[in-house]
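# Results of the structural survey
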Amino acid sequence: MAMARVTSGLAYPERFYAAASYAGFSGSPDSPASKGVSSKFKNDVALLLYALYQQATFGPCNVPKPSAWSPVEQSKWQSWNGLGNMASTEAMRLFVKILEEEDPGWYSRADINSEPVVDVQMHHNSKVDAVIGNGNASPETKMVSTENETIGETQDKDVVSEGNGSISVYDQWVAPPIMGQKPKPRYEHGAAVVGDKMYVYGGNHNGRYLSDLQVLDLKTWAWSRVEVKAGVQTEESESSVLPIPCAGHALIPWGNKLLSVAGHTKDTSETIQVRLFDLKTSTWSILKTYGKPPVSRGGHSVTLVGSSLVIFGGQNAKRTLLNDLHLLDLETMTWDEFDAVGVPPSPRSDHAAAVHAERYLLIFGGGSHATCFNDLHVLDLQAMEWSRPTQQGDIPSPRAGHAGVTIGENWFIVGGGDNRGGASETVVLNMSTLVWSVVTSVQGRVSLASEGLSLVVGTYNAEDVLVAFGGYNGRYNNEVRVLRPSHKSTLQSKMIETPVPESVSAVHNVTNGTRDLESETDAGQEGRIREIVVDDVDVEQMKSELSGDRLIATLKKEKAELDSELNKEKSENQRLKQELAGAENRNADLYKELQSVRGQLAAEQSRCFKLEVDVAELRQKLQTMETLEKELELLRRQKAASEQAALEAKQRQRSGGVWGWLAGGPSPKEDDA
């Protein structure tokens, strides 16, 4: 057993006071007020830092609200008062975390006189440069210039160094012999395995978002960088783009392509963008999707279920936590928002998600602005119902920023942390029995106890292995660690029959397709259920209880049943696709007919309008003719009256001439003469 002395970072509250002094606030707990809001931060960030500083040093706000003529003091008071009864230690942690997000290199530039020295015992005989102690910030054991973007090698405690390239131990993290130029240290990156290669894209390094795409050969453990080429627009993508620096995204393998879903970027879009990297052409493009995409975010989870991506939670660009649920169908490229019943998980980010039996979505842990969680939520994707089943076994501590992968029905969780420090244990959940167990643990503030690390499943010598990379624990990491899970770590629970008290909630096996129930009355009526008992059963004991032939036969039978069900589902899916295609064809025909009817209707409307105009003209002419007829009739009557008057005048004239002649007057002839 050797002894090593290494320096560690400042612990709380000293780390908080150093951060406060660097940010422009008083660095001593005895000072009554801050020196003022630093000009290096945005207004909203500066107000939040001020409020957290006041909460950490003086506790909850109990001062009266300032007068209305001072808007700056009012904003400060509102920010401080909005924190309520937040604990002082939590305010310190959030202050340092926000400062590290805004200015990741503050610690190296802060005026810190000295750091404590701790003694660390090294329990392994493998060659190591140094061991990291239990301080809040991890040191670097070698001073290396950051200009060439390299970093000193550190060997984590409880990590075995495999010099010959083989991974011979089970249930223990191994440092494989790495070749090639290592990627820049980072966290909140994306990682995915395609074939025998692990791809790493983006991440956060010293507050800068990265855009490089690195690849690790899982056979030779050699790093190399993928050279991105300029692409051409295709049918499935809107346009070819250059790699975009981002962090907090998800990287999903999809055939010979990689899908980068959402994430934090410098120029944030309003909605989620899905970027596609073609491994054959080495080109990036933006995927063309339909429907209403969700709001942009980072720290969310993306789970591949069949041919669909299920997105849950995260944090948007305004630091608002989310707990919404969305689906992207990769066959139709259509977005859909879920409306599930039951109580969903509270808004959170940096959680882990997994799918079991292609039906159940599991959400574990994550964090809000004030606390971390260790709750487990299950969504039945068929019934669209949330539930919160009872966890059993060694339930993990609250954490956020952890990573998880599944092997069969086992869900491995690595890393993350809470308000006090990083999570040192690697745990596994049997998703059928909901029993937790611890696979292994590491000591000290090492890369495996970091937040924002990545975890993938690879194949090494025909066996599944866990591969962890990167993370942040006060220092940005770029180490690769490998764990070879044994049968003992994946088969640690067994089933026994025991009576169940009425006060025990019934937890049904999710692989049988039943939902979790938490009603005490129903549990009492069922009488007996299987209880999960965690037992450290080794492989030999399990073999003695169940013969290998019988186990193989059982597995083959189950596989045949699953294949049969899968074929049925495929057949049903094909039938539904055909019906959908037929419906779309009928819809197209109906649409064409509708367009034709619309055209005919428009023509009839035009003809009717023309007829209405003609009728109006005829009515006007008819009115004119009636007026003329009335005038003609009047003229006729006047003419007739004139003729009648003339006739009567002549008659009177003739009658007057005869009587005048008889009276001795002149005769009519004489008058004529």
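Residues numbered from 1 in each chain as written. Predicted model: local features only at pLDDT ≥ 70, side-chain atom pairs only at ≥ 80, totals over all residues. Heavy atoms only, no water.

As recorded in an unreviewed UniProt entry, the chain goes by the name ACB domain-containing protein, listed as coming from Opuntia streptacantha.

## A closer look at the overall build of the chain
Scanning the chain from terminus to terminus reveals ten helices and 35 strands. Across the 673 residues of the chain, 43% fall into the buried class. Excluding contacts between residues fewer than 6 apart, the proportion of contacts in the chain whose partners are at least 24 apart in sequence is 59%. Taken as a whole, the chain presents about 36,400 Å² of accessible surface, with 51% of it coming from carbon and sulfur. (Helix = DSSP H or I, 4+ residues; strand = E, 2+ residues; numbered from the N terminus. Buried < 20%, exposed > 50% of the residue type's maximum accessible area, 1.4 Å probe, protein only. Contact = heavy atoms within 4.5 Å. Areas by Shrake-Rupley, 256 points an atom, 1.4 Å probe, with all protein chains shown as cover.)

## Observations concerning the nonpolar core
The biggest cluster of nonpolar side chains holds 31 residues, and the ones touching the most others in it are Phe 16, Phe 25, Phe 41, Leu 49, Leu 52, Phe 95 and Trp 106. Among the elements that line this core, the one with the most residues is helix H2 (residues 43-58), at eight residues. Excluding residues within four positions of it along the chain, Leu 52 makes contact with Leu 83, Met 86, Ala 91, Leu 94, Phe 95 and Ile 98. (Core = buried A, V, L, I, M, F, W, Y, C linked by side-chain atoms within 4.5 Å.)

## Quick word on the packing of H2 against helix H4 (residues 88-102)
At a minimum axis distance of 8 Å, the contact between H2 and H4 shows a crossing angle of 150 degrees. Here H4 runs roughly antiparallel to H2, going by the angle between their axes. Here H2 and H4 pass one another in a crossing that is left-handed. The segment H2 lies against H4, with Val 45, Leu 48, Leu 49, Leu 52, Tyr 53, Gln 55 and Ala 56 engaging Ser 88, Ala 91, Met 92, Leu 94, Phe 95, Ile 98, Leu 99 and Glu 102. In terms of residue class, the contact of H2 with H4 is made up of twelve nonpolar, two polar and one charged. (Axes fitted to C-alpha atoms, helices over the stretch in contact; angles between N-to-C directions. Parallel < 35°, antiparallel > 145°, perpendicular 65-115°, else oblique. Left-handed = near helix turned anticlockwise from the far one by under 90°. Nonpolar A, V, L, I, M, F, W, Y, C, P; charged D, E, K, R; others polar.)

## Remarks on the sheet that holds strand E29 (residues 425-430)
Pairing within the open sheet is mixed, and its five strands lie in the order E26-E30-E29-E28-E27. Each edge of the sheet is formed by a strand with only one pairing partner; in this case those strands are strand E26 (392-393) and strand E27 (400-407). With six bridges connecting them, E29 and strand E30 (residues 435-441) associate as antiparallel partners. Bridge pairing links Val 427 to Val 438 in E30. (Pairing = 2+ DSSP bridges.)

## Description of the packing of helix H1 (residues 14-23) against H4
Following both chains from N to C, one finds H1 and H4 inclined at 50 degrees, their axes separated by 9 Å at the closest point. When the interaxial angle is binned, H1 and H4 end up oblique. H4 is crossed by H1, and the crossing has left-handed handedness. Of the residues in H4, those in contact with Arg 15, Phe 16, Tyr 17, Ala 19, Ala 20, Tyr 22 and Ala 23 of H1 are Met 92, Phe 95, Val 96, Leu 99 and Glu 100. Residues that form the contact of H1 with H4 fall into these classes: ten nonpolar, no polar and two charged.

## A look at the pattern of salt bridges
Counting across every chain of the model gives 17 salt bridges. When the shortest N-O distance is used, the salt bridge between Arg 420 and Asp 418 registers 2.9 Å. Arg 420 sits in the exposed class, given a relative accessible area of 67%. Ionic pairing is found between Lys 559 and Asp 563, a salt bridge with its closest N-O pair at 3.1 Å. You can see Lys 559 and its partner Asp 563 sitting in helix H9 (residues 548-662), four residues apart, about one turn around the helix. (Salt bridge = Lys/Arg side-chain N within 4 Å of Asp/Glu carboxyl O.)

## Some details on H1
One full turn of an α-helix is made of 3.6 residues, so residues set three or four places apart face in the same direction. Most of H1 sits out of view: eight of its ten residues are buried. Among all positions of H1, only Arg 15, Phe 16, Tyr 17, Ala 18, Ala 19, Ala 20, Tyr 22 and Ala 23 are buried. Residues of H1 that are buried in the fold lie against H2, H4 and helix H5 (106-109). Immediately downstream of H1, the backbone of Gly 24 shows phi near 110 degrees, a positive value.

## Here's the deal with the pairing of strand E10 (residues 222-225)
Consecutive residues of a regular strand have side chains that alternate between opposite faces of the sheet. Sheet topology places strand E9 (residues 213-217) next to E10; four bridges connect them, and they run antiparallel. Across the sheet, residue Asp 217 finds its bridge partner in E10, namely Ala 222.

## Remarks on the environment of Gly 203
Among the secondary structure elements, Gly 203 is positioned in the loop between strand E6 (197-201) and strand E7 (204-205). Judged by relative accessible area, Gly 203 falls into the buried class, the value being 0%. C-alpha of Gly 203 to C-alpha of Pro 245: the two residues are 42 residues apart in sequence and 7.8 Å apart in space. Discounting chain neighbours no more than four positions away, the residues touching Gly 203 are Tyr 187, Glu 188, His 189, Arg 208, Tyr 209, Leu 210, Cys 246, Ala 247 and His 249.

## So, the packing of aromatic side chains
Applying the stated rule across the entire model yields 15 aromatic pairs. Taking the centre distance of 6.1 Å and the plane angle of 45 degrees together, the rings of Tyr 22 and Trp 106 count as tilted. Here the residue Tyr 22 occupies a position in helix H1, and Trp 106 occupies one in helix H5, the gap between them amounting to 84 residues. Taken together, a centroid distance of 4.9 Å and an interplanar angle of 50 degrees make the contact between Phe 364 and Trp 436 tilted. Highlighted residues: Phe 364 in strand E23 (residues 360-367) and Trp 436 in strand E30, separated in sequence by 72 residues. Pair check on accessibility: Phe 364 and Trp 436 agree, each one buried. (Phe/Tyr/Trp six-rings, centres within 6.5 Å; stacked < 30°, edge-to-face > 60°.)

## Here's the deal with unusual backbone geometry
Despite not being glycine, Leu 434 has its phi angle at roughly 60 degrees, a positive value. Of note, Leu 434 is situated in the loop between E29 and E30. By relative accessible area, which is 2% here, Leu 434 ends up buried. Non-glycine residue Ala 462 carries a positive phi angle of around 65 degrees. Within the secondary structure layout, Ala 462 lies in the loop between strand E31 (454-460) and strand E32 (463-469).

## Considerations on the sheet that holds strand E5 (residues 190-194)
A sheet is described by the order of its strands in space; here four strands give the open sequence E5-E6-E9-E10, paired in antiparallel fashion. Looking at the sheet topology across the chains shown, the edges are occupied by E5 and E10. Across the sheet, the mean angle from the axis of one strand to that of its neighbour is 25 degrees, orientation sign disregarded. In this sheet, E9 lies alongside E6 in antiparallel orientation, the contact comprising five bridges. The residue bridging Tyr 201 from the neighbouring strand is Leu 213, located in E9.

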